[in-house]
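Working through the structure, step by step
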Amino acid sequence: MAKYVSEARRWAAVQQRDAGADGEFWYSVRSTGVYCRPSCGARPALRKNVAFHDTREAAEQAGFRPCLRCKPDQPPLAERQAAIVARACRLIDEAGETPDLDSLAAAVGVSRFHFHRMFKAVTGITPKAYANAARARRVQSGLAAPGSVTDAMYAAGFNSSGRFYAQSPAVLGMTPSAFRAGGAGERIRFAIAECSLGPILVASTAQGICAILIDDDPDFLVKDLQDRFPKAELIGAEADYEQVVSRVVGMVEQPSLGLDLPLDVRGTAFQQRVWQVLRAIPSGRRVTYAELAELAGVPRGARAVASACAANAIAVAIPCHRVVRNDGSISGYRWGVDRKAALLNREAGNEQGG
């Protein structure tokens, strides 16, 4: 990369321990006889003892050995950690019963504390949350296949029917029998209205609002809702539900008002954590994906939080429109970049006006 061609820039990268320079060049230290990555955390060397190499092979041919700290002859640390976590995920996915943290850490060859921290940094969730999500997938797969609910329970690793039925609503969003029936028996009220952003669909279960969808095509909104709940009973055009829709539209037109209505939020443990953080971001404030990752407790999880934003089905009330790129520019939005820009401008105007 042209950025690291000159020795001055390479030395600056070494001083800054710039991980972005890893793989672009290597440097050797004459006084220690080792070569390192630019990001190596070892004690800084004197400039007069440092030489630069375009490849690690060149460093070794010059007589230097790999640093034991940054391991420049191995894949980058992020790749090694990702491989360790991927192996742990496979162990969890293939296990009949969820392995405990000590067993997982021992299986991948790292300490319990380091494994827990590494797993969360790479995936954005804890090993326990991942194991719960894996179990949920097994429950869903088992209930979709022929056989009894009991068969699905044991296949998912539950040895107690009490625990299985107690955890099913959180895992499935409904009872096992209702899930097997594709949501049959669940009643969802909905209505479509017009707002300044276009047609808007609001839907609620008995627990609260489960969807706020926006699009140019009202028919698409209904189809989207049907796809989410294929066998639920969808109930539209109820007069008393229009009041709920009016409050949602009012919140869209003036987001600073907030929405004082219960939500029925369905998603993975990590998605729900991100959405909870989003709901705490006040109107008029913008955060970057990196800042959102920090707030959610996953400093290196910008991509993971971006995926959680994209999975949000409750527009504006869970304000993923307040997340922007690191340079402040407006990035993709599930309901259209123009709508995102309109919401942000509206909130900025409201803040200035207030």
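A word on helix 1 (residues 7-16). Buried residues of helix 1: Arg10, Trp11, Ala13 and Val14, and no others. The arc that holds the buried residues of helix 1, viewed along the axis, is 155°, so those residues lie on one side. Every exposed residue of helix 1 that faces more than 90 degrees away from the buried side is listed here: Ala8, Gln15 and Gln16. In this structure, the buried residues of helix 1 make contact with strand 1 (26-29) and strand 3 (50-53). Phi turns positive one or two residues past the end of helix 1, at Arg17, with a value near 50°.

Let us now look at helix 10 (residues 218-228). Among all positions in helix 10, only Leu221, Asp224 and Leu225 are buried. Across the axial projection of helix 10, the buried residues extend over an arc of 95°, all falling on one side. Among the exposed residues of helix 10, those pointing more than 90 degrees away from its buried face are Asp219 and Asp227. Elements that come into contact with the buried residues of helix 10 comprise strand 5 (187-195), strand 6 (198-204), strand 7 (209-214) and strand 8 (233-236). Capping of helix 10 at its N-terminal end is provided by Asp217; its side-chain oxygen lies 3.0 Å from the backbone amide nitrogen of Asp219.

What follows concerns the sheet that holds strand 5. Taken in spatial order, the four strands of this open sheet run 7-6-5-8, and their pairing is mixed. Each edge of the open sheet carries a strand with a single partner, namely strand 7 and strand 8. Each adjacent strand pair in this sheet contributes to an overall mean axis angle of 25°, direction not counted. Pairing of strand 5 with strand 8 involves four bridges; the strand directions are parallel. Each bridged residue has a counterpart across the sheet, and for Phe190 the counterpart in strand 8 is Gly236. Each of strand 5, strand 6, strand 7 and strand 8 is contacted by helix 10, which is oriented at about 25° to strand 6, the strand it contacts most. With respect to the sheet, helix 11 (residues 242-253) is in contact with strand 5, strand 6 and strand 7, its orientation differing from that of strand 5 by roughly 45°.

Conventions we followed
- Residues numbered from 1 in each chain as written.
- Predicted model: local features only at pLDDT ≥ 70, side-chain atom pairs only at ≥ 80, totals over all residues.
- Heavy atoms only, no water.
- Buried < 20%, exposed > 50% of the residue type's maximum accessible area, 1.4 Å probe, protein only.
- Helix = DSSP H or I, 4+ residues; strand = E, 2+ residues; numbered from the N terminus.
- Arc of directions from axis to C-beta.
- Contact = heavy atoms within 4.5 Å.
- Polar contact = N/O pair within 3.5 Å; in protein donor to acceptor, adjacent residues only side chain to side chain.
- Pairing = 2+ DSSP bridges.
- Axes fitted to C-alpha atoms, helices over the stretch in contact; angles between N-to-C directions.

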